[in-house]
Every structure is written in C-alpha cells, then in structure tokens.
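Spelled out from the first residue to the last, the chains are:
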Amino acid sequence: VVRRAEKAGNWYPGGDSPDYLDGSIPGDYGFDPFGLGKDKGNLMRFREAELLHGRWAMLGALGCLVVEATGQGNWLQAPQWAIDG
C-alpha cells in the first residue's frame, strides 16, 4: 500500500505555499516569505540548524532545573548574582 503524504495545512489560510515547500519535511506549513529555502541544500541546512538550536535550548532548560533541584541557587535571582559577584 502506497500512502501519499498530504500537506498538513498552510500557515496563511487562503494563501498559496511556494512550490518548493511540498510538505515532505515534518513541520512544513509553507512559511518562507523571503524565499530562503528555494535551494534544496539551504533548506536541509536550515533544518539541521533548527534541530541543533532546539537541542541547545533543551539543555539550557535542563540546566535551570538542575540548579533549582540541587539547591545551588535560584535562576530568577541569577542576574543579581552576576552584578553582586
């Protein structure tokens, strides 16, 4: 059985998606107002950068939780600690 991938939707209802955003990438809703993804190589590079930045953000959130859980400080007062030393 061959299943055709349907596009999940469009970021702007009633608007047309660019032809190069065909829904083959997860999370593709046709949003590329400046045409940065026209080149397939750039589109894959942007996808990889998005994954990498998301992983760094998850590690940062984990760091905030670990500091709180171990009692080493309060992340809300971290800017004051940086000023006081």
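Residues numbered from 1 in each chain as written. Predicted model: local features only at pLDDT ≥ 70, side-chain atom pairs only at ≥ 80, totals over all residues. Heavy atoms only, no water.

Draft legend 1. A look at the side chain of Asp-28. Checked against the element boundaries, Asp-28 lands in the segment before helix 1 (40-70). Residue classification places Asp-28 among the buried positions, given a relative accessible area of 11%. Within the local environment of Asp-28, its side chain forms a polar contact with the backbone nitrogen of Asp-22, the two atoms lying 3.5 Å apart. At a separation of 3.0 Å, a polar atom in the side chain of Asp-28 contacts the main-chain amide nitrogen of Gly-30. (Helix = DSSP H or I, 4+ residues; strand = E, 2+ residues; numbered from the N terminus. Buried < 20%, exposed > 50% of the residue type's maximum accessible area, 1.4 Å probe, protein only. Polar contact = N/O pair within 3.5 Å; in protein donor to acceptor, adjacent residues only side chain to side chain.)

Draft legend 2. Region of the structure containing helix 1. In this model, helix 1 (31 residues) spans 45 Å end to end at C-alpha, consistent with the 45 Å of a helix rising 1.5 Å per residue. A positive phi of about 75° marks Gly-71, the residue just after helix 1. (Expected span 1.5 Å × (residues − 1).)

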